[in-house]
Amino acid sequence: MINLRHLCVASMVLFALLLSSLAQADLTIRITKGSDQAIPVAVVPFMWNGRGNLNQDVASIISANFSRTGLFRTLPREDFVSLPTKADQVVYRDWRLLKVSYLVVGSLEELSGQQVRIRYALFDIANQEQLLTESVTGSINDLRGQAHLISDRIYERLTGQQGIFSTRVTYITSQQQDKKEYVYRLHVADADGQRSRVILTSRHPLLSPDWSPDGKKLAYVSFETGRPAIFIHELATGKRIQLTNYQGLNGAPAWSPDGKQIAMTLSRDGNAEIYIYHLDNPRLTRVTKHYAIDTEPSWSPDGKSIVFTSDRSGGPQVYKIDLTTGKEGRISFDGIYNARPRYSPDGQEIFMMHRASGSGLFSIAALNMSTGRTRVLSTSPLDHSPSVAPNGAMVIYALMQGEKGVLGVVSTDGRIQYELPAESGDVLEPAWSPFLK
Amino acid sequence: MQQKQLEKVMELMKYSKVFALAAVFALAAGCSSDAKKDGTMDDVIGKEVHSTDTGGVSVDTLEEQAQGIITEAEAEAQARARAAEARARAAEAEARAKMQAILPAIRTVYFDFDKSSIRSEFYDVLNGHAAYLMANPSVKVKLEGHTDARGSAEYNNALGEQRGNAVRRYLSLQGVPANQLEVVSYGKMKLVDKSNSSQAHNKNRRVVFNY
């Protein structure tokens, strides 16, 4: 009896290993800093009840998702002593011995018309309690999407916070061809960097992509006309419109929380100032008026104020302007360089580029809006372009690995840091999407 | 041929700036076609452009001075000298025209960290471009502003624009019409050296004349 069970476990492990080696090619996330306080979770390989082999290992995608939160660590499959795939197969003692706090089991069932149903269950081992029993149905060609959806559900059940595994990121790559001309590409990928899709390719620079609050459009800067202009790009249709064509700078587009306005930087009146472009009834409102550079606006979640970069004090620092009263003031005081601010979803903090006094390092830091205190989150030499996940738990940013630009992610509590799979060319200007429906 | 001309210039330099100037015109006229092709000549040509541009000293002055020391007995020689003088004047005018038609070979000026003020060492280069642009009113130039790799992209775009504007302002003050100049900032999007060293940063902080 025991022997038979062991044999069964062995064959399933073999199958799982085979699958994971197949999936290895696209799982190249490099975790550069982990946490020892992370909660141990086990995700057992899901059973496949259908024809042929699946091209994705759902359990390993879920497992990888949890490893990247910093809150959880996932046990390697070699350590498992049993491989339950249904609730009634779970033996709590097996997992208690492994000091596992939470367990995920599941199976996939083939339906007609390329559809698959995935049933899964979540267990609290210490309390011997089944926390979730659910199923999702979707296309056999989108197992990755379903794995992210399941991860979101489990994460929310465990933390009370909405998961970000089904969200996306957009970013730009620039690649020099034959050491001469650059080619710029605008990408959209899953939040884990997988399934990257090129939205636009251009011989002219692209930068500053920003998601519309509904996640359906991107605003960005393109130099395709020979000078910078702001474009709006509808993702589902690929339809693009050129929004601005002012003399000088047309940059740093930032969608307002209600999606009706875009804050931007224009130099049409002489130097870089922040304006608001009203989309419904096209017109401009000027926000800043200063001979120094004012740029990189970011809206507060309530839409009532904007933080931005200004060098009016001599070097770049972060300022805030109240849109109703026009009252403005400096908010960053630690360090000699603070720029490119981005509000956290709860409005409590802003994330920005930060260079401490006497330091050559450009890091990503969080500035607490009530205490004024700065927390440094990343520490490689040239970190830039922070963008916060919609649940406020993670920040994606660009960094240099030698002479190559790659994307890094750090949790906002600083517990975990990882780098996304390298794209060819330099990766820059990431922006995390809102929650997508 | 060029080497000989150069030697001649060097020799003349010893005697008089005026002679040197004329020789420079001759040299420039002689090697103008080479200057475009030969990158190694850039520095020389770039510098000389400045001296011709601000060289208010003309061959006329030389003639007047010369007349003072010529005796009547040497009338024939004087006539010959006049003819030579006329030829020199024509050559000079031609050289000047050619000079201003030559696109200055140095097309990049560099800036200090987080600064957009023009360094005095680049006045010569900018004067050369100003002369060229004024001699060729139909020519338009894009002044492309760039920064080093450090800092945020959009802030750097604004900084690159300030650098481009500083060059535009300088050229305007020399008399270049506004419609010949356009500033486009690329910030840190088009680095010439991607390494994180001060040499790389120095090379990247620039305004490029893109004709």
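Predicted model, so just to flag it, every value in this text is computed and none were measured.

A. Fine view of the overall build of chain B. When helices and strands are tallied, chain B shows eight helices and four strands. Ordered by position from N to C terminus, the α and β elements of chain B give α-α-α-α-α-β-α-β-α-β-α-β. At a minimum sequence separation of 6, the contacts of chain B that also span at least 24 residues come to 75%.

B. Structural context of the overall build of chain A. In terms of helices and strands, chain A carries four helices and 31 strands. The C-alpha atoms of chain A give 24 Å as radius of gyration, which agrees with the globular expectation for 437 residues (22 Å, within 12%). If one aligns the C-alpha atoms of chain A with their principal axes, the spans along those axes are about 80 × 45 × 45 Å. A buried classification covers 56% of the 437 residues belonging to chain A. Looking at chain A alone, contacts between residues at least 24 apart form 43% of all its contacts between residues at least 6 apart.

C. Up close: the sheet that holds strand β25 (residues 363–368) of chain A. Residues and elements named next belong to chain A. The strand order across the open sheet formed by four strands is β23-β24-β25-β26, and the pairing between neighbours is antiparallel. Of all strands in the sheet, those bounded by a partner on one side alone are β23 (337–343) and β26 (374–376). Mean inter-strand twist for the sheet, computed between neighbouring axes without regard to direction, equals 30°. Where strand β24 (residues 349–355) and β25 come together, six bridges link them in antiparallel fashion. Counterpart to Ile350 in the pairing with β25 is Leu367.

D. Spatial organisation of the packing of helix α2 (residues 58–67) of chain A against helix α4 (residues 143–159) of chain A. Residue and element names in this part refer to chain A. Here α2 crosses α4 at 45°, and the two axes come no closer than 9 Å. When the interaxial angle is binned, α2 and α4 end up oblique. The crossing of α2 and α4 is right-handed. The segment α2 lies against α4, with Val58, Ile61, Ile62, Asn65 and Phe66 engaging Leu143, Arg144, Ala147, His148, Ile150, Ser151, Ile154, Tyr155 and Leu158. By residue class, the composition of the contact of α2 with α4 is ten nonpolar, three polar and one charged.

E. Highlighting the pattern of salt bridges. Residues and elements named next belong to chain A. Scanning the entire structure with this criterion turns up 24 salt bridges over all chains. Across the pair Asp269 and Arg286 runs a salt bridge, and its minimum N-O distance is 3.5 Å. With a gap of 17 residues between them, Asp269 in the loop between β16 (261–266) and β17 (273–278) and Arg286 in strand β18 (residues 283–286) connect regions that are remote in the sequence. A salt bridge links Glu273 to Arg286; its shortest N-O distance comes to 3.2 Å. Taken together, the residues span a long stretch of sequence, with Glu273 in strand β17 and Arg286 in strand β18 at a distance of 13 residues. The exposure class of Arg286 is partly exposed, given its relative accessible area of 33%. Each member of the salt-bridge network shares a partner with another, and the members are Asp142, Arg168, Asp190 and Arg195.

F. A look at unusual backbone geometry. Positive phi, normally seen in glycine, also occurs at A:Ser385, with a value near 55°. Relative to the helices and strands, A:Ser385 is located in strand β27 (residues 384–388). Phi at B:Asp114 is positive, roughly 55°, even though this residue is not glycine. As for its position among the elements, B:Asp114 is in the loop between β1 (108–110) and α6 (123–135). With relative accessibility at 21%, the residue B:Asp114 sits in the partly exposed group.

G. Representation of the side chain of A:Asn65. Residue and element names in this part refer to chain A. Position of Asn65 among the secondary structure elements: in helix α2. Residue class for Asn65 comes out buried when judged on its relative accessible area of 1%. A polar side-chain atom of Asn65 sits 3.0 Å from a polar atom in the side chain of His148. Among the polar contacts listed, one links the side chain of Asn65 to the side chain of Ser151, at a separation of 2.9 Å. When near neighbours in sequence (up to four residues on either side) are disregarded, Asn65 contacts Ala147, His148, Ser151, Phe165 and Asp192.

H. Seen up close, the sheet that holds strand β1 (residues 30–33) of chain A. All names here are of chain A. Pairing within the open sheet is antiparallel, and its five strands lie in the order β1-β30-β29-β28-β27. Either end of the sheet is taken by a strand with one partner, and the two such strands are β1 and β27. Between one strand axis and the next, the sheet turns by 30° as a mean value, whatever way the strands run. Relative to strand β30 (residues 417–419), strand β29 (residues 404–411) runs antiparallel, the two being bridged by three bridges. In the sheet register, Val409 faces β30, and the bridge partner there is Tyr418.

I. Structural view of the confidence of the model for chain B. All names here are of chain B. Taken over all residues, the pLDDT of chain B has a mean of 73, while the share at 70 or more is 62%. Taken as a whole, residues 8–69 scores under 50 in pLDDT and shows 50 contacts with residues more than four places along the chain or in a different chain. Interface confidence for the predicted complex, expressed as ipTM, amounts to 0.88; the pTM equals 0.80.

Reading the values: the criteria
- Residues numbered from 1 in each chain as written.
- Chains lettered and ligands numbered in written order.
- Predicted model: local features only at pLDDT ≥ 70, side-chain atom pairs only at ≥ 80, totals over all residues.
- Heavy atoms only, no water.
- Helix = DSSP H or I, 4+ residues; strand = E, 2+ residues; numbered from the N terminus.
- Contact = heavy atoms within 4.5 Å.
- Rg over C-alpha atoms; globule rule 2.2 N^0.38 Å.
- Buried < 20%, exposed > 50% of the residue type's maximum accessible area, 1.4 Å probe, protein only.
- Pairing = 2+ DSSP bridges.
- Axes fitted to C-alpha atoms, helices over the stretch in contact; angles between N-to-C directions.
- Parallel < 35°, antiparallel > 145°, perpendicular 65-115°, else oblique.
- Left-handed = near helix turned anticlockwise from the far one by under 90°.
- Nonpolar A, V, L, I, M, F, W, Y, C, P; charged D, E, K, R; others polar.
- Salt bridge = Lys/Arg side-chain N within 4 Å of Asp/Glu carboxyl O.
- Polar contact = N/O pair within 3.5 Å; in protein donor to acceptor, adjacent residues only side chain to side chain.
- pLDDT = per-residue confidence, 0-100.

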